[in-house]
Amino acid sequence: MDSNKSDRRRFLKQAAALAGVAAGAGLAAKGQPASAQPQHVHNEPPRRGARYSLDHLTHYTPLQDYSGIITPAPVHFVQQHSSHLPDIDPEQHRLTIHGMVDRPLSFTMEELKRLPSVSRVHFLECQGNSSSTIHATRADPNMGLPVQYIWGMTSCSEWSGVPLSVLLNEAGVQKEASWLVYEGADAGKFNHTLPLAKAMDDVFVAYGQNGDPLRVEQGYPIRMIVPGWEGPFSVKYLRHIKVVDQPYNTWNESMNHSVSRPDLGGKARWYHFQWGPKSVITRPSGGMQMPKGYVQITGLAWSGAGRVSKVDISTDGGKSWKEAKVQGPVHSKAHTRFTYDWAWDGQEAMLQSRCTDETGDVQPSLAELTQHWGMQLADWKKPERPRAIHMNAIQPWKVARDGSISDAMFA
Ligand SMILES: Nc1nc2c(c(=O)[nH]1)N[C@H]1C(S)=C(S)[C@@H](COP(=O)(O)O)O[C@H]1N2
Ligand SMILES: [Mo]
């Protein structure tokens, strides 16, 4: 990419065409690979009195049903803030970089693939995952939800693409610049802001998912991957990146992904970036039956800060903890598989897992997290449950004497 002059010329030439692309939906579907066909493999759980229904497609990853750490692409979770998935012709699609740069650039998908690439294993997690909102709107009050519907908005893939720093350096970021604001090509033009320091660190523009092109649901032909940070930073169908000198408080950040905080007099904290340490036991878990005698407890742990260093297991409701085996491979900012050999004696039990990451940060209990947020534990039991996003509390699974297992987080 040293042909800056021709890039600039091409950019100017394409500006007009891009304006047309931005306005016009209904691009012809062309040459999409089989792996990129929409696959609606699992449906929404029943909703009970949903409080906010936007045009929204949601699919949950069946975390209980696969082994290892890589989520099979057809069951990667989906959070799409529009009524349908865009139908993008990769030959027409362009990524533009403009704003506070010396050389505004426009890339075809072929040009992106010719640039230096990286392949990295990272989790991607919706900021609403494992929140009480899911319990409040989807749970039958008499029945705990399976892990898929409480925790299934996190998935982990090997993503391949171009480091954003390569693209930004090519465009020449001006020294007053400090943030990016960027937008997808879906109907809702989903957009987000990102501090420049993170953009230059480990963010990349991905075109590959587990060796295949991105699945349509995951942002085909390209998406942002912002490792370790909450899902909405990773804008799908990426089309425009504008380099700016301030955060933009886009709708998705200020309205849809903020949470009102009682300890701040009802003000919302807009900027939540990095996921804290998290983990969940996926087998056996809610809705399953505990066998008598030997059972392998298994689950996933991850952290937005780096590698998982340790996972502890409690079977007695947090009174005592023992270290689980970390199965490996252990990647930074990636799901990490753990196992723990146990024998169930037929008595009531409470299973919990607790993640510690390489920075020494430890996953909090719900009580600790609640206190940290300036809330009361009783708040979770109110009929209008707080819209808790950014949750990373320890998940308790209750084992009854008859072997049935249920969610004991908010139930
Ligand atoms: N263009 C676009 N990007 C988007 C979204 C969207 O609706 N449109 N949803 C965001 C949210 S809220 C999340 S959690 C992740 C979900 O990514 P996935 O659907 O690939 O799992 O994408 C983010 N990027
Ligand atoms: Mo999300």
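Because the structure is a prediction, the values reported are computed rather than measured. (Residues numbered from 1 in each chain as written. Chains lettered and ligands numbered in written order. Predicted model: local features only at pLDDT ≥ 70, side-chain atom pairs only at ≥ 80, totals over all residues. Heavy atoms only, no water.)

Participant: Describe the sheet that holds strand β21 (residues 349-357), listing the residues and the values that go with them.
Facilitator: Spatially, β18-β17-β21-β22-β23 is the arrangement adopted by the five strands of the open sheet, whose pairing is antiparallel. If you trace the sheet from one side to the other, it starts and ends with β18 (322-323) and β23 (405-407), each paired once. Sheet analysis places strand β22 (residues 397-399) next to β23, joined by three bridges and oriented antiparallel. Looking at the pairing, Val 399 lines up with Ile 405 of β23. (Pairing = 2+ DSSP bridges. Helix = DSSP H or I, 4+ residues; strand = E, 2+ residues; numbered from the N terminus.)

Participant: I'd love a proper account of the pairing of strand β8 (residues 191-195), names of residues and values included.
Facilitator: Most of β8 sits out of view: four of its five residues are buried. Sheet topology note: the strand β7 (residues 179-184)/β8 ladder contains five bridges and is antiparallel. The partner of Tyr 182 across the bridge, within β8, is His 192. Between β7 and β8, which pair antiparallel in sequence order, lie six residues; one of them, Lys 189, sits at a positive phi of approximately 45 degrees. (Buried < 20%, exposed > 50% of the residue type's maximum accessible area, 1.4 Å probe, protein only.)

Participant: Quick one: what's the story with the site of ligand 1, residue by residue and with numbers?
Facilitator: Inspection of the region around ligand 1 gives 21 residues, with Phe 77, His 81, Asp 186, Arg 223 and Lys 236 positioned closest. When the free accessible area of ligand 1 is taken as 530 Å², the share hidden by the protein chains comes to 100%. Considering every element that reaches the shell around ligand 1, the biggest residue donor is strand β2 (residues 78-80), with three residues. For the shell around ligand 1, the residue count by class is eight nonpolar, nine polar and four charged. (Near = heavy atom within 4 Å. Areas by Shrake-Rupley, 256 points an atom, 1.4 Å probe, with all protein chains shown as cover. Nonpolar A, V, L, I, M, F, W, Y, C, P; charged D, E, K, R; others polar.)

Participant: I'd love a proper account of the nonpolar core, names of residues and values included.
Facilitator: Met 290, Trp 342, Leu 351 and Trp 397 are the most contacted members of the largest nonpolar core, which totals 52 residues. Excluding residues that lie within four positions of it along the chain, Met 290 makes contacts with Pro 284, Val 295, Trp 342, Trp 344, Leu 351, Val 399, Gly 403 and Ile 405. By size, the runner-up hydrophobic cluster in this structure holds 33 residues, among which are Phe 107, Met 109, Ile 222 and Ile 241. (Core = buried A, V, L, I, M, F, W, Y, C linked by side-chain atoms within 4.5 Å. Contact = heavy atoms within 4.5 Å.)

Participant: I'd love a proper account of the environment of Lys 325, names of residues and values included.
Facilitator: Checked against the element boundaries, Lys 325 lands in strand β19 (residues 325-326). By relative accessible area, Lys 325 is classed as exposed at 52%. Sequence-wise, Lys 325 and Ile 313 are 12 residues apart; in three dimensions their C-alpha atoms are separated by 9.9 Å. Sequence-distant contacts of Lys 325, defined by excluding residues within four places in its chain, comprise Arg 337, Phe 338, Thr 339 and Asp 341. Looking at Lys 325, its side chain comes within polar contact range of the side chain of Asp 341, at 3.1 Å. (Polar contact = N/O pair within 3.5 Å; in protein donor to acceptor, adjacent residues only side chain to side chain.)

Participant: Can you lay out the sheet that holds strand β12 (residues 238-244) for me, pointing to particular residues and giving the numbers?
Facilitator: The sheet built from five strands is open, its strands ordered β4-β3-β12-β7-β8 with mixed pairing. Two strands close off the open sheet at either side, each with one partner strand: β4 (105-108) and β8. For this sheet the average axis-to-axis angle between neighbouring strands, irrespective of direction, equals 15 degrees. (Axes fitted to C-alpha atoms, helices over the stretch in contact; angles between N-to-C directions.)

Participant: An account of the packing of aromatic side chains is requested, with residue identities and associated values reported.
Facilitator: Evaluation of the coordinates by the stated rule reveals six aromatic pairs. Among the aromatic residues, those joined into a cluster by ring pairs are Phe 123, Trp 151 and Trp 302. Above the plane of the ring of Tyr 207 lies Lys 113, whose end atom (NZ or CZ) is 5.7 Å from the centre. The ring of Trp 321 has Arg 354 lying over it, and the distance from NZ or CZ to the ring centre is 4.2 Å. (Phe/Tyr/Trp six-rings, centres within 6.5 Å; stacked < 30°, edge-to-face > 60°. Lys NZ or Arg CZ within 6 Å of the ring centre and 35° of its normal.)

Participant: Tell me about the pattern of salt bridges, and please be specific about residues and values.
Facilitator: Here the structure, examined in full by the defined rule, presents nine salt bridges. Notably, a salt bridge pairs Glu 125 with Lys 278, separated by 2.7 Å at the nearest N-O pair. Remark: Lys 278 occurs in strand β15 (residues 278-283) and Glu 125 occurs in strand β5 (residues 118-125); sequence separation between them is 153 residues. Lys 278 carries the same exposure label as Glu 125, and that label is buried. Note that Arg 215 is salt-bridged to Glu 217, the shortest N-O span being 3.8 Å. By the burial criterion, Arg 215 is buried, and Glu 217 matches it. (Salt bridge = Lys/Arg side-chain N within 4 Å of Asp/Glu carboxyl O.)

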